Every structure is written in C-alpha cells, then in structure tokens.
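# Breakdown of the fold
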There are 4 protein chains.
Amino acid sequence: MSAEAHVLLIDCPDQIGLVYSITSILYRHALNILKNDEFVDRHANHFFMRTEFSGNIDTTELLNELHTQMPPEANIVLNPRKRKDIVLLVTKEHHCLGDLLLRYAYDELDANILAVISNHNVLQPLVAKFGIPFHYISHEHRTRPEHEEAIHKALAIYQPEFLVLAKYMRVLTPEFVAHYPNKIINIHHSFLPAFIGANPYRQAFDRGVKIIGATAHFVNNNLDEGPIIHQDTIPVTHRLSSDEMARAGKDGEKIVLARALKLVFQDRIFIHKNKTIIF
Amino acid sequence: MSAEAHVLLIDCPDQIGLVYSITSILYRHALNILKNDEFVDRHANHFFMRTEFSGNIDTTELLNELHTQMPPEANIVLNPRKRKDIVLLVTKEHHCLGDLLLRYAYDELDANILAVISNHNVLQPLVAKFGIPFHYISHEHRTRPEHEEAIHKALAIYQPEFLVLAKYMRVLTPEFVAHYPNKIINIHHSFLPAFIGANPYRQAFDRGVKIIGATAHFVNNNLDEGPIIHQDTIPVTHRLSSDEMARAGKDGEKIVLARALKLVFQDRIFIHKNKTIIF
Amino acid sequence: MSAEAHVLLIDCPDQIGLVYSITSILYRHALNILKNDEFVDRHANHFFMRTEFSGNIDTTELLNELHTQMPPEANIVLNPRKRKDIVLLVTKEHHCLGDLLLRYAYDELDANILAVISNHNVLQPLVAKFGIPFHYISHEHRTRPEHEEAIHKALAIYQPEFLVLAKYMRVLTPEFVAHYPNKIINIHHSFLPAFIGANPYRQAFDRGVKIIGATAHFVNNNLDEGPIIHQDTIPVTHRLSSDEMARAGKDGEKIVLARALKLVFQDRIFIHKNKTIIF
Amino acid sequence: MSAEAHVLLIDCPDQIGLVYSITSILYRHALNILKNDEFVDRHANHFFMRTEFSGNIDTTELLNELHTQMPPEANIVLNPRKRKDIVLLVTKEHHCLGDLLLRYAYDELDANILAVISNHNVLQPLVAKFGIPFHYISHEHRTRPEHEEAIHKALAIYQPEFLVLAKYMRVLTPEFVAHYPNKIINIHHSFLPAFIGANPYRQAFDRGVKIIGATAHFVNNNLDEGPIIHQDTIPVTHRLSSDEMARAGKDGEKIVLARALKLVFQDRIFIHKNKTIIF
C-alpha cells in the first residue's frame, strides 16, 4: 500500500464513457483527484487523460482494475510523484549544464543528477563545484560504436530514467538511441524544423532571419526529428553577427531545456505518433 | 429535445467525486463529450468544469438532474453552442471596430453584431460599409444619466447578450453597469494594473517603460478593475514618441480584444471572485 | 528646389570618414537632420547610412555632390518622404487584404492602394466597400505566361512602385519577378525557413511544433527565399487542429505584413546580399 | 597614448551640425569608428550620440577638443572598453546570483565580481564555490543607518563602479543611494509600474493577471521608480498559484537582469530625465 501522490497516464482510441469509467474507479478507491486533464485528438480519434491523485492505493490492484475497464489497446502508466534519476551528456558549452546544476543544487529540478558524462574534459571543474561524478569519455581513438559502448557502460552504473543532452554535440546512433526509447531529451539551438543539423546560428545569420529560437525534443532515430516538447524564439536584427546570435540564443536554450525537463520529470507528457500532448 | 452541441459550465466548492458525478450523468444520457476541462483552485478550494458535448438532450431534465447531484451552491449553466448577439460601443477610433466588422463579415466572430452605438458620428461611414445599424447618441447637451438612459433605450431594441466597448472612451456609471452584470467587455490600452485611467500611452512614455500592452476585461463597478480576460505586450524603445507608442499599441489592442471575445462568445470563461478561469 | 522632408540611403564598402563626409555635405547645405542611422556589417565590411532630413534642396545638385564624395561603388538613393503607390495581389483570403484596406481608409498605410488584382472574384465585394478598382484576372483557361501577361498589362495602367502579395496563392515566374526587382513583398504563413512551400500550417501540425509564425519578405527568383523583412511567432499547443492553427496564424500574418510594409514604404530598408538592414 | 577601443557618449540640447562636428574631430584624429548611434528626442529636443572607435588617442586632448566644439551644457564621457568592477548585494534567493556567477566564471559578464554582500548567510556556500569573497552583514541588532554604514565600509575596500542588487530584499535609504548615483542596478519582480512594492507575485495572483514580468532599473531615491533598463513578460494562466507564478517568474528575472547588466557594462545607456536611451 502506498499513500503518496501518484500520476496516472492513460491513452487509447476514443470512445464514449472513458472519463466516467476512469473516474468511477478512482472514486470507488476513495482517491482524491488533485488535477485532472483530458484531451481527445479528433484528427487521430485518440483519447489522453492525466490524473494526479492522493490516497492509499495498492498499485497492482488499481492497474488491474484499470486494464479490465479500459480498451485492450490502452496504454496505462501509474507513477509515484517522485524525482527522476538522470544523467547529463555534455560537450564543451557550459550554459545549459550550469543552469541545470544550479537548479539541482537548490532542489528545483524534479530530478537527481547522478552523473555528467562528456566527450571533453573542459566542463569537469564546473561539475566538480557541485560534487557530482564527472566521466570524461573521449571520442578520440575510438570508433563511434566503441565510444557509445563506453558511454553505455558508464550509464549502466547509474541506471538513469532519463538522459539529458545538455549541448552534447555528437550524433547518437540509432543503436544507442534504441536502448533509451523516449528517454533521451535534447536541446537544439534553432526553432525546428528550421535549420536542422550543424551550426544553426550560422545558417540563421546567412539566411538573414529576424527571429532565432531553441527547441527541446525527445531523441529518436532521425536526428532533430523527434517529438518536440517546448520551443521559444528571440527577435534579432541585422546588427547581430553569427557569434552574437549564438550568444543571444544561449539564454533561450537554457530556459527552453529547463522548462521541457520540468514537463518530462513531472510526467506531464504523452508521446503519440511523433508528437507530444502536454498537460 | 435538442440535438445540437452544448456547453455545460459548473462551478462549486470542491469535494471528492465531482467529475465522476457529472460524467456519470452525461454517460447515462448517452451524450458524446467533445471536450472536457476541469480545474480546482486550491487556494479558494473551488471546482470548475466545462464540458462540450453533442447528443439529444431535454435541457430542463438534464439541468434538474445536475442540480440534484451537485452541491446546492453549484452554479450550473447549460448553453447551446451558438453565436451570441452583441452590440458594440465606440467613440472615434476605428482600429478595434474595423477589425471586428471584418471578422463579422466573414463569420469569424462567433457573434452577431446587431448594432454599433457611438457618442460621436465619425465612425458612421465605416459601419455603413458593412450594413449594420449605427446609432449616434451624442453625450453633448445631456447629463451623464440622460446619456446612459438614451444608450440603454437603444440597447433595449436589440436585447444583446454582450456589450463590447471597442474603444468607448467614456466611463460607465455603476448604475449602467449593473444592468449588464459580467456582460460588458472592455479593451484597455495598457497591461493592467499598470497605467489605470486616462492616456496610458502618455503615462507609459513618461515612465520610460520598455514594454507596452493591452488588456481585455469584463467591466464591473470599478473602472479598469474588472476580471482580466486576456493581455499581451509589445516591446518598445526610447525611439518611440508617445503618439508612436499609441499607434504601435493599436495592433495589440485589436488582437487582444478579438481573442478575448472569442473566449467569451464560446462560453469558455468562468468568473470567480474578480478573476477568470479560462478553458 | 524642394523643401519637403527627404530620406537619403547610402551604402558602400566601408572606409574611414564616411559619416563625416556625408554629414559635412548635409551641413554645408544647412539641412536639418531629423533622424540618422548607420550600420557597418563587419562580416561583409559594408557601410549603410540612412538619414531623414528637412530643408531646401536641389536634388540633382545634392546627388552629384554625394556621388563625387562617395566611393564609386556607392549606392545612393534620395527619396522625398511621400506615400508610395501600390497594387495588391490577392486570391481568396480576406484577412490581410481587409486589414490593409482599413489602414488605407484611415491613412495609416504610408501608401496609396491604386488597385487590387485577384485570380478569383470572391474578394470583389470587400474591395468595392472601399471604392478601390478590383481586377478579376482568372488563371483558368490561361497558360501561366498568359496569366502573368494579363496581370502585367493591368499593372501597366497603374505604374505602382510596389506590389504587395496579400495572400496571393500562386507562384510567380522569375520572368514576372524580374520586372519588379525588390519591389514585390509577400507574406508567407510560416516562420521561414521552416515550412517552405504549400500548406505550412498542415506541415506545422504534422510536425507537432509548439510555435507557428509568419514571415514578410521581398520576392526574388526562388520562392520563399527572398530577403526577410519581418517575422513573428505565436505559441501553440497540441489542442489546435491544423485548421485552428491556420486561423490563429492569420492574426499574426496580417500584423507582420502591415509592419513590414510600414518599413518598406518609409524607405527604412536596405537590401544587401539577400538580407535586409532595417533602421 | 592609448590604442585600445573606446566608447564616447555625448548628449546635449539638439542643434544643427552636431554629428558633423563630432565625426570631424574623430576623422582628424584618424580614429576608426566601429559603431555609431545617434538619437534626437524630439519631445525634449535633446541629442544623444554613442560612438565606439579604435585608434591611438590622447584622452585628455580629445576630451578638450570635444568640449571646445560642443555646446557648454554637453555631457561628454569617454570610457575605455573594459570590464567594470562590481559588487553584488543579495539576500536569500539564488537564481540571479547563480546565473551571474556562472556568467562571470566563463567571462561572459563584461564585469569583475569583486565581492558579494548579503544580509543573510544562506548564499555563502554558493558564492564560495566560485572563489569570490562573501560578506555576511546581518541587519539584525543594527539600526538601518548602522547596517548601511557597515555595507558602505565593506564596499570601500572594493571601490566598485557598479552595485548590482541581485534580489536584495531591503530598501536602501536615499542617503545610501546618494553615494552611488546611477551606479546601482536592481531587478524588480514585476513589469513596473505594475505591482510596485512588496510581494508582486502575490499582488499579480490576487489581481488575476494573464502576464507577469520583470524589470531591471537604476535605483534612485524613490523605490521602484528609477530609470527602466529592460523589461520582459511571461504569459500565465489561472492554473498557477502565487508560488508557481513566483517560480515561473524567476527565469524571467535572471535573464532580464543579465541582459540589462550587459547594456550597462558596455556603456550603452544614457540616463536622461529618469528615462534610458539605449544603443
């Protein structure tokens, strides 16, 4: 039996009576609904419901009951509300990493940073300030599979629930990504799908855009094409050089990533057909 | 019996089982929920639920059943989804009026503009282009009560469900407002509560602010203090004169008003203790 | 001799003393500088200066003097501050057209709308309300060159300084565009370079983006790739269908286009290597 | 003689020929203008010009020459482009402090943080991570003048050019402020002039606003009424509690403060009649 707060996530093809069925089960268990959100995607005819509740539950029994009442295709997830265990992957840029370390130090991250892994060692002193293990796993003198295997081994020690690419500047192979389905979050320094790929600020400068942006997304097999979690933009003018755009963009990147992680770690996101439904 | 789509708005002090009770009634009536939103204000311990549904209903019977199941203090409103009847009040500025007339001409307003009333006649030619009755009711040579009485009489012909102050630049008396509780929407040309009162752009210029804004709100007894529906801001610099700020602000005003009206006319707003809950 | 206000636009490769040279000429002519802006693109090593001034000038003499003092590669433009003559091209959507007609009716456009040309006739009644010539030039039963030739002939009557594509939904050929170099402004319903081409809201919906946008740009040979003038974005969520995104985006489109046109018509834009420098 | 880059700031009542006079002096000294901006406030009839240049100068001689050519009321400031010396004042909140420490650690602040002073000791461990002196000067058991005198003494050691109130939650007396005219920058957690004074998020929550904001400003005698440097806003909904608004607002606060400091430390701001002119 567990009396802590829980988050229930259910999605399935839409039909009449779903909210009634689910809330009747919660009502019979005398659970106190703290927050409830539903959405029906009319285009896909798919139902999504997220419920935060408190009260004494037997998790197995509640899940069984829900599975009995819901359509067989339903995805049902029941998570205790607790901080997630995560590992950060970084390269050389400090702005997202530093921002996340500060939030973690003051318990504002809804997550435990178990370790930081980097293919360079320049960020080691920053991580050390916060007393967190830092693994320097260089990609030099290693094939890509060897490098990813080394990272994979380091991760095995920590068993993180999520990997956060906080400006990790190497492409991950589909094989690596497949180990962590919907568990890797990346920050891309453009408003996707504009400027996919390398050096988006340079691309933005060359195109003469009047807005730049940042996108946090889940990572899937196709680089920069996973489900988008959060995006924001910053107005720019001709006065900014490519480097100045990059500097201006960094503030956007760190805020967009932090906001997206909050949504992920609070179990507020459904992923459905490469899109996110966020409550 | 009515088979059209309806919107059900219920708010009451929070207690366990409200969503279950409401959805069980809708389920028994075999109604198809198109959209459902709930919110519990933890601070006020108050529950809000808005449901859009389709299906055959006997309105009286459904309301009776809901009143029986809900706590006695519950506010229950059941509206067919249909365009609202409205009258616009204006003075001399055309930007909000013109924008609303265009939206109405192309059926994008969720409302019927029955008439436009003004204390000046300069906007008559614009209104005439769209074939809508224009009432010029000058405030000159009339006391304030006489003027408002004349407006009140003109309104009596149309029996509008909402009055929209689309840059109506005269203060309404509490007596007038009392005739239309929560039925008058105003656009104020600042991000309230900054720059309450007259000439907010001049005030903004004098204060040297770096953002200006607009606020759409319901009108209550205290000028500029009614429940806020929607707000937006625009960045400005020292380069703008007070007049240029006013011009730049007009685009914000018309968009903010149009967006707020959409929310009102689609029955998406609860008013509770001088605040809005918007789904 | 002309005593009206003028705008002087000069750009050339950067060198020491350019501001001094230009202002010394203006000073000798006893001209009163109302507004002065310079920018040096360090990347391209190119100088841009825009000056608004008042005072009695002999245009030819002043231009001669400037050409003598400036480097031979300098582009020098001297325009009286006056409203531009323009023609609008539209298809079926009314939101940008209606917004521009309203601004024109109240002299807020810095331009004279000489005529509206459309490949459909649905917007004729709206244009008629404002007493502006409407040319219905259908693309049916005409080859593309024939259709463009018909438009070209209609334009010849008006000799407009700028063409505004206010949701004109046909691609213009390079041959047509070549007649109006840097004189055609288009509004594209996405934040370019995202979602180039047809149906950007559908593309945005399918990609699951969290922001949509609009881009006003000059038209060159490559569709959607001309110099960007102004862009803005609007946050969206999973709750919006593709059609709702399109509706939400329209407010952005009309404001972005109007803002861009103001910049163009006030001679505030330099075009240099497919980018805009805007003062 | 100095060959480093300099910033020249000149403001005075407007008259014909000012740009010409100033640029002719710079031209005679063979200085290379890197960036030049002017603005004339037509309302106040006041001229502002900021010039970044490189080249060998004798500062005293150049200033003398400028004073000879400019009107006697002109304010003329000539600063080498260099990092400013600053001291931070904080209380208990870490978000602005942490953000500035990180930027400083990676040389992105255009300033040297000489020390941090606080009336509480909770932030000492954070400051220690970055190896910067921390002065805990409690206000307990001290009168306000005694407390400010203690701070004043601590500051005397460092001789900072600017004081940054990075969430320093005590009101400074006019006597204290008078020691640092136009040298104290504060971050206020609302979009001023809305919600002046204590607990602005609580005020915003109670008013039911749909936007919250942050304002960075110079501190003068009247609390929250000094010249505004930068402001930004964040949209909020009824779903946020007062505490959640405060949390959401913190990201805005730290970015607004950092952006404002960049402008201050790069000598990009004129203060004129309680307003800022920013290039």
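Note that the structure is a prediction, hence the values are computed from the model and not measured.

On to the overall build of chain A, then. A count of helical and extended segments in chain A gives eight helices and 13 strands. In summary, chain A has a C-alpha radius of gyration of 21 Å against a globular reference of 19 Å for 279 residues, a match within 12%. The principal-axis extent of the C-alpha atoms belonging to chain A is close to 60 × 40 × 35 Å. Scored against the burial criterion, the 279 residues of chain A give a buried share of 58%. For chain A, the proportion of contacts with a sequence separation of at least 24, taken over those separated by at least 6, is 65%.

Take the pattern of salt bridges next. All names here are of chain A. Going through the model one piece at a time under the given rule, you end up with 69 salt bridges over all chains. In this structure, Glu161 engages Lys82 in a salt bridge whose closest nitrogen and oxygen atoms are separated by 3.5 Å. Of this pair, Glu161 sits in the loop between helix H5 (144-158) and strand E8 (162-165) while Lys82 sits in the loop between strand E4 (75-80) and strand E5 (84-90), and the two are 79 residues apart along the sequence. What makes Glu161 partly exposed here is its relative accessible area of 29%. Put simply, Asp99 and Arg103 hold a salt bridge, and the shortest N to O gap is 2.8 Å. On the criterion of helical spacing, the pair formed by Asp99 and Arg103 is a turn pair, its members being four residues apart in helix H3 (residues 95-105). The class for Arg103 is buried, based on a relative accessible area of 11%.

What follows concerns the relation of the copies chain D and chain C. One chain copy maps onto the other through a rotation about an axis and a shift parallel to that axis. Once turned by 180 degrees and shifted 0.0 Å along the axis, chain D lies on chain C with an RMSD of 0.0 Å. The relationship between the two copies is best expressed as a two-fold rotation axis. Relative to the rotation axis, the C-alpha of Tyr20(D) is the closest in chain D, positioned 2.9 Å from it. A high fraction, 100%, of the interface residues of chain D reappear at the interface in chain C, so the copies pair face to face through one surface.

Looking now at the layout of surface pockets. Residues and elements named next belong to chain D. If you add up the space inside the second largest pocket, you get close to 610 Å³. What lines the second largest pocket is a set of 31 residues, and nearest its centre among them are Tyr168, Met169, His188, His189 and Gly197. Those elements that provide at least two residues to the lining of the second largest pocket are strand E9 (184-188), helix H7 (200-207) and helix H8 (242-265). When the residues that make up the lining of the second largest pocket are grouped by side-chain class, the tally is 13 nonpolar, 10 polar and eight charged.

Time to look at empty space enclosed by the protein. Enumeration according to the criterion identifies five cavities of 30 Å³ or more in this entry. Reported here for the largest cavity is a volume of approximately 210 Å³. Taken together, 21 residues line the largest cavity, and the ones lying closest to its centre are Asp14(C), Gln15(C), Val19(C), Phe47(C) and Ile33(D). A per-element tally of the lining of the largest cavity places strand E2 (residues 32-41) of chain D first, with five residues.

All names here are of chain A. Domain boundaries in chain A define domain 1 (5-78) and domain 2 (84-278). For domain 1 versus domain 2, the separation of C-alpha centres amounts to 32 Å. With 10 residues of domain 1 at the interface, the matching set in domain 2 holds six residues. The junction of domain 1 with domain 2 conceals about 770 Å² of combined surface from both sides, 71% of it contributed by carbon and sulfur atoms. Scanning the region where domain 1 abuts domain 2 turns up zero salt bridges. Taken together, the links from domain 1 to domain 2 amount to two residue pairs in polar contact (both at pLDDT 80 or more). Contributions of two or more residues to the side of domain 1 that touches domain 2 are made by strand E1 (6-13) and strand E3 (46-54).

Least-squares fitting of chain A to chain C yields an RMSD of 0.0 Å, with the superposition described by an axial translation of 0.0 Å and a rotation of 180 degrees. Mapped onto chain C, 100% of the interface residues of chain A are again interface residues, and the two copies thus contact each other with one and the same surface.

Right, let's get into helix H3 (residues 95-105) of chain D. Residues and elements named next belong to chain D. The element H3 is largely enclosed, with a buried count of nine among its 11 residues. Taken as a whole, H3 has its buried residues at His95, Cys96, Leu97, Gly98, Asp99, Leu100, Leu101, Leu102 and Arg103. Looking one or two residues beyond H3, the residue adopting positive phi is Asp107, at roughly 55 degrees.

Our next topic: the interface of chain D and chain C. Taken together, the contact between chain D and chain C spans 15 residues of the former and 15 residues of the latter. For the chain D and chain C pair, buried surface summed over both sides reaches about 1400 Å², with 58% attributable to carbon and sulfur atoms. Looking at the side of chain D facing chain C, the largest losses of area belong to Ile16(D), Tyr20(D) and Tyr27(D), adding up to 38% of the total buried there. For the pair chain D and chain C, the number of links is zero salt bridges. Of all the elements in the fold, those that place two or more residues in the side of chain D that touches chain C are helix H1 (18-28) and E2 of chain D. Partitioning the side of chain D that touches chain C into residue classes produces eight nonpolar, five polar and two charged.

Here we take up the packing of helix H7 (residues 200-207) of chain C against helix H8 (residues 242-265) of chain C. Residue and element names in this part refer to chain C. Two elements in contact, H7 and H8, have axes separated by 9 Å at closest approach and are oriented at 125 degrees. Here H8 runs oblique to H7, going by the angle between their axes. The crossing of H7 and H8 is right-handed. Contacts between H7 and H8 involve Tyr201, Arg202, Ala204 and Phe205 on the former and, on the latter, Ser242, Met245, Ala246, Gly249, Lys250 and Glu253.

Before going further, it helps to spend a moment on the packing of aromatic side chains. Taken as a whole, this structure holds 32 aromatic pairs over all chains when the rule is applied. When the ring of Phe191(A) is compared with that of Phe191(C), the centres are 4.5 Å apart and the planes differ by 55 degrees; the resulting orientation is tilted. With Phe191(A) in the loop between strand E9 (184-188) and helix H7 (200-207) and Phe191(C) in the loop between strand E9 (184-188) and H7, this residue pair bridges two chains. Note on Phe191(C): relative accessible area 1%, which makes it buried. Geometrically, the ring pair formed by Phe48(D) and Phe270(D) is edge-to-face, given 5.3 Å between the ring centres and 70 degrees between the ring planes. Of this pair, Phe48(D) sits in strand E3 (residues 46-54) while Phe270(D) sits in strand E12 (residues 269-272); the two residues are 222 residues apart in sequence, bridging distant segments of the chain. The exposure class of Phe48(D) is buried, given its relative accessible area of 0%. With relative accessibility at 5%, the residue Phe270(D) sits in the buried group. Against the face of Phe205(C) rests Lys275(A), its NZ or CZ located 3.3 Å from the ring centre.

Rules and cut-offs
- Residues numbered from 1 in each chain as written.
- Chains lettered and ligands numbered in written order.
- Predicted model: local features only at pLDDT ≥ 70, side-chain atom pairs only at ≥ 80, totals over all residues.
- Heavy atoms only, no water.
- Helix = DSSP H or I, 4+ residues; strand = E, 2+ residues; numbered from the N terminus.
- Rg over C-alpha atoms; globule rule 2.2 N^0.38 Å.
- Buried < 20%, exposed > 50% of the residue type's maximum accessible area, 1.4 Å probe, protein only.
- Contact = heavy atoms within 4.5 Å.
- Salt bridge = Lys/Arg side-chain N within 4 Å of Asp/Glu carboxyl O.
- Least-squares fit on C-alpha atoms with pLDDT ≥ 70 in both.
- 1 Å grid on protein atoms, 1.4 Å probe; cavity = no way out; pocket = protein on both sides within 12 Å on 5 of 7 lines; lining within 4 Å.
- Points joined across faces, edges and corners; volume = space filled by probe spheres on them.
- Nonpolar A, V, L, I, M, F, W, Y, C, P; charged D, E, K, R; others polar.
- Domains from an automatic or database assignment.
- Buried area = accessible area lost by both parts, 1.4 Å probe.
- Polar contact = N/O pair within 3.5 Å; in protein donor to acceptor, adjacent residues only side chain to side chain.
- Axes fitted to C-alpha atoms, helices over the stretch in contact; angles between N-to-C directions.
- Parallel < 35°, antiparallel > 145°, perpendicular 65-115°, else oblique.
- Left-handed = near helix turned anticlockwise from the far one by under 90°.
- Phe/Tyr/Trp six-rings, centres within 6.5 Å; stacked < 30°, edge-to-face > 60°.
- Lys NZ or Arg CZ within 6 Å of the ring centre and 35° of its normal.

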